[in-house]
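# Summary of structural features
In case you want the letters, here they are:
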Amino acid sequence: MSHSRLTMAILSLLATLIAAGTVFFHFVEGWSYLDSYFFTVVTLSTVGYGNLVPATALGKIGTTVMIFSGIGVFALAIQHVGDSALRRRVRRVKKREDKQESNDT
């Protein structure tokens, strides 16, 4: 799989998890879409402010499922973004070195 296709797959999976979590908490906990989105992102990113806490049994179960499935995807997305930035940096340095070598000859 090419790097750009992998990027799109990871970002699509992450967006799907965030959207699903947002809709789930909106309907199960009765939170606004903004609060549901905020809780989902804060939970997936492991920040966990604690200002929103699921009160229903289904909400608590959904949160644990989201944590187990989502944290790995979130970490993968963060790692992939870092890897992409590092690849760009290496290409720029290599290009600069190649240019330097061609100017030296």
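The rules we used
- Here the residue index of a chain counts from 1 through its sequence in written order.
- Reporting of local features is limited, given that this is a predicted model, to residues whose pLDDT is at least 70; pairs of side-chain atoms are given and counted only at 80 or more, and all residues count toward the totals for whole chains, interfaces and linings.
- Side-chain measures here rest on the full set of heavy atoms in the structure, leaving out hydrogens and waters.
- Each axis is a line fitted through C-alpha atoms, and for a helix only the stretch in contact is used; angles between axes span 0 to 180 degrees, taken between their N-to-C directions.
- A run of DSSP states H or I qualifies as a helix once it reaches four residues; a run of E qualifies as a strand once it reaches two. Both are numbered from the N-terminal end.
- Orientation labels follow simple angle bins: below 35 degrees gives roughly parallel, above 145 gives roughly antiparallel, 65 to 115 gives roughly perpendicular, and whatever is left gives oblique.
- Pairs of residues are marked as contacts when any of their non-hydrogen atoms sit within 4.5 Å.
- Each residue gets one label: Ala, Val, Leu, Ile, Met, Phe, Trp, Tyr, Cys and Pro are nonpolar, Asp, Glu, Lys and Arg are charged, and the others, such as Gly, are polar.
- Relative accessibility thresholds used throughout: buried, under 20% of the residue-type maximum; exposed, over 50%; partly exposed, between the two (1.4 Å probe, protein chains only).
- Only buried Ala, Val, Leu, Ile, Met, Phe, Trp, Tyr and Cys residues count toward a nonpolar core, and they belong to the same one when joined by side-chain atoms within 4.5 Å.
- The span one expects for a helix is its residue count, reduced by one, times 1.5 Å.
- What makes a salt bridge here is a side-chain nitrogen of Lys or Arg within 4 Å of a carboxyl oxygen of Asp or Glu, nothing more.

### What about the packing of helix α2 (residues 33-44) against helix α3 (residues 57-104)?
In contact at an axis separation of 9 Å, α2 and α3 are set at 60° when each is read in the N-to-C sense. Classified by the interaxial angle, the pair formed by α2 and α3 is oblique. Here α2 contributes Phe39, Thr40, Thr43 and Leu44 to the contact with α3, which in turn contributes Thr63, Met66, Ile67, Gly70, Ile71 and Phe74. Looking at the contact of α2 with α3, its residues break down into six nonpolar, four polar and no charged.

### Some points on the side chain of Thr22
You can see Thr22 is positioned in helix α1 (residues 3-29). With relative accessibility at 10%, the residue Thr22 sits in the buried group. The contacts of Thr22, once residues within four sequence positions are left out, are Tyr33, Ser36, Tyr37 and Thr40.

### Re the nonpolar core
Judged by nonpolar contacts, the single largest core of 13 residues is most densely connected at Leu14, Phe25, Trp31, Phe39, Leu44 and Met66. Those elements giving two or more residues to this core turn out to be α1, α2 and α3. In terms of residue count, α1 provides more of this core than any other element does, five residues in total. Leaving out residues up to four positions away in the same chain, Met66 has contacts with Gly21, Phe25, Phe39, Thr40, Thr43, Leu44 and Ile71.

### A look at α2
Taking 1.5 Å of rise per residue, twelve residues should cover 16 Å, and α2 covers 16 Å from first to last C-alpha, within 8% of that figure. Looking at α2, one finds that the buried residues are Ser36, Phe39, Thr40, Val42, Thr43 and Leu44. Directly beyond the C-terminal end of α2, a positive phi value near 65° is found at Thr46.

### What to know about the pattern of salt bridges
Counted under the stated rule, the structure contains two salt bridges. A salt bridge links Arg87 to Asp83; its shortest N-O distance comes to 2.9 Å. Here Arg87 and its partner Asp83 are both found in helix α3, four residues apart, which amounts to about one turn of the helix. Asp98 is the salt-bridge partner of Lys94, the closest N and O atoms lying 3.6 Å from each other. Here Lys94 and its partner Asp98 are both found in helix α3, four residues apart, which amounts to about one turn of the helix. Relative accessible area serves as the criterion here: at 48%, Lys94 is assigned to the partly exposed category. Residue class for Asp98 comes out partly exposed when judged on its relative accessible area of 37%.

Coordinates in, geometry out; function isn't part of it.
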